[in-house]
Amino acid sequence: MAFEGLAERLQGTLNKIRGKGKVSEADVKVMMREVRLALLEADVNFKVVKDFIARVKERAVGQEVLESLTPGQQVVKVVNEELTALMGGEQSKIATAQKPPTVVMMVGLQGAGKTTTTGKLANHLRKKHNRNPLMVAADIYRPAAIKQLETLGKQLNMPVFSMGDQVSPVEIARNAIAKAKEDHHDYVLIDTAGRLHIDEELMSELDDVKELAKPDEILLVIDAMTGQDAVNVAESFNERLGITGAVLTKLDGDTRGGAALSVRAVTGTPIKFAGMGEKTDALEPFHPERMASRILG
Ligand code: GDP
């Protein structure tokens, strides 16, 4: 399970203080040192940890005491609230264009789970929002990507637009959006090209697709298992292309949690969905509050 080590450590630390009828500044200090180490070990960005600890300390030491809670419980509550805030606070929903179709560009590095997530998102939009999306196979570089999306489409019984791998992604996007309008699709999910590394060619191609498609949403798919690398990828994509949200995949694995806890703070971009497995229904809207509660038990 994701965050197991982090959850265990934080819960252990917080349990020591939870029952206390009196919490001194020294207690908070000791506790925060343990929380800090737990977060660093979970691969949370160093600066994010520093700011987080400062905020919790300030609130935990100077806080007003609620009668319904013991001082110990109150400190735990502050940690919970700040963890929630760190991950974005409110749940951030997928965009809907005023005039359909809503165009969503799926971007990310190879292997992050972009194609799989495109299928999952199509399924989610149909099942939970009663939408009728068109998936678009525009990843013309990874040899199996087009076939993979077509297979997902068959499996889900949902349409996939493709033009093979000899046509430019811009051209594919142009034709796909025209087709979506013609067939009254309310969402267009463009599975764009990935690469093993970020390079200028990839970015300028994505820029071209963005210019043409004028997406309402650019979702960056990142692999939570890669921790700080995922955060760096998010920073680069955001600086170069501008993203509107992130999807964290492989949260069902034994990720340490660093990416989930840092991406929002480092990039300012909300995490909109979490990938929880390989199957087409393993996508969940990302709820910062539930995630924090899961970590803190
Ligand atoms: P792409 O190159 O970014 O399009 O990556 P793929 O969509 O082909 O995914 C790469 C691998 O990650 C595949 O084996 C997927 O089944 C797997 N994968 C994607 N999302 C998840 C997830 O949320 N959990 C798990 N366990 N595996 C995932």
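Cut-offs used in this document
- Residues numbered from 1 in each chain as written.
- Predicted model: local features only at pLDDT ≥ 70, side-chain atom pairs only at ≥ 80, totals over all residues.
- Heavy atoms only, no water.
- UniProt positions renumbered as here; feature names shortened; annotations may be inferred.
- Salt bridge = Lys/Arg side-chain N within 4 Å of Asp/Glu carboxyl O.
- Helix = DSSP H or I, 4+ residues; strand = E, 2+ residues; numbered from the N terminus.
- Buried < 20%, exposed > 50% of the residue type's maximum accessible area, 1.4 Å probe, protein only.
- Polar contact = N/O pair within 3.5 Å; in protein donor to acceptor, adjacent residues only side chain to side chain.
- Contact = heavy atoms within 4.5 Å.
- Core = buried A, V, L, I, M, F, W, Y, C linked by side-chain atoms within 4.5 Å.
- Near = heavy atom within 4 Å.
- Areas by Shrake-Rupley, 256 points an atom, 1.4 Å probe, with all protein chains shown as cover.
- Nonpolar A, V, L, I, M, F, W, Y, C, P; charged D, E, K, R; others polar.
- Pairing = 2+ DSSP bridges.

- The name an unreviewed UniProt entry gives the protein is Signal recognition particle protein, with Alteribacter lacisalsi as the organism.
- Taken directly from UniProt, the Subunit (unreviewed entry) text for the protein runs: "Part of the signal recognition particle protein translocation system, which is composed of SRP and FtsY."
- Within the UniProt record for the protein, the comment given under Subcellular location (unreviewed entry) is "Cytoplasm".

## Notes on the pattern of salt bridges
Side-chain pairing between opposite charges can occur once the charged atoms of the two side chains come close.
Next up, step 1: Enumeration according to the criterion identifies 20 salt bridges in this entry.
Next up, step 2: Measuring nitrogen to oxygen at the nearest pair gives 2.6 Å for the salt bridge that ties Arg9 to Glu41. Taken as a pair, Arg9 in helix α1 (residues 4-18) and Glu41 in helix α2 (residues 25-41) lie far apart in primary sequence, 32 residues in all.
Next up, step 3: Here Glu82 ties to Arg59 by a salt bridge, and the two come within 2.9 Å at their closest N and O atoms. Here Glu82 is found in helix α4 (residues 71-86), whereas its partner Arg59 is found in helix α3 (residues 46-62), with 23 residues between them in sequence.
Next up, step 4: For Glu82, a relative accessible area of 8% gives the class buried.
Next up, step 5: A relative accessible area of 33% means that Arg59 is categorised as partly exposed.

## Thoughts on the side chain of Gln228
Next up, step 1: Position of Gln228 relative to the elements: it lies in helix α9 (residues 228-240).
Next up, step 2: For Gln228, a relative accessible area of 18% gives the class buried.
Next up, step 3: A distance of 2.4 Å separates the side chain of Gln228 from the backbone oxygen of Asp43, its partner in a polar contact.
Next up, step 4: When neighbours within four sequence positions are excluded, Gln228 is seen to be in contact with Asp43, Val44, Asn45, Gly258 and Ser262.

## Digging into the UniProt feature "domain: SRP54-type proteins GTP-binding" (unreviewed entry) in the protein
Next up, step 1: The positions UniProt marks with the feature "domain: SRP54-type proteins GTP-binding" (unreviewed entry) are residues 270-283.
Next up, step 2: Summarising residues 270-283: 0% helix, 43% strand, and an end-to-end C-alpha distance of 16 Å.

## Some remarks on the nonpolar core
Next up, step 1: The biggest cluster of nonpolar side chains holds 96 residues, and the ones touching the most others in it are Phe52, Leu121, Ile222, Phe237, Leu251 and Leu261.
Next up, step 2: Look past the residues within four positions of Leu261 in its chain and what remains in contact with it is Leu6, Leu39, Val44, Val48, Leu83, Leu86, Met87 and Ile295.

## Some remarks on the site of the ligand
Next up, step 1: Around the ligand, the structure places 18 residues, and the nearest of them are Gly111, Lys114, Thr116, Asp252 and Glu278.
Next up, step 2: Between an oxygen atom of the ligand and a main-chain N or O atom of Gly277, the distance comes to 3.3 Å.
Next up, step 3: Considered on its own, the ligand offers 590 Å² of accessible surface; in the complex 81% of this is hidden by protein.
Next up, step 4: Considering every element that reaches the shell around the ligand, the biggest residue donor is helix α5 (residues 114-129), with four residues.
Next up, step 5: When the residues that make up the shell around the ligand are grouped by side-chain class, the tally is three nonpolar, nine polar and six charged.

## Some remarks on the pairing of strand β2 (residues 133-137)
Next up, step 1: Within β2, five of the five residues are buried, leaving the element largely enclosed by the surrounding structure.
Next up, step 2: Side-chain alternation along β2 places Pro133, Met135 and Ala137 on one buried face and Leu134 and Val136 on a second face that is also buried.
Next up, step 3: The sheet contact formed by β2 and strand β4 (residues 187-191) spans five bridges and is parallel. Pairing of Ala137 across the sheet is with Asp191, part of β4.

## Observations regarding unusual backbone geometry
Next up, step 1: Cis geometry marks the peptide bond from Pro100 to Pro101, where omega comes out at 0°.
Next up, step 2: Among the structural elements, Pro101 can be located in the loop between α4 and β1 (102-107).
Next up, step 3: The backbone of Asp43 shows a phi angle near 70°, a positive value even though the residue is not glycine.
Next up, step 4: Within the secondary structure, Asp43 is located in the loop between α2 and α3.

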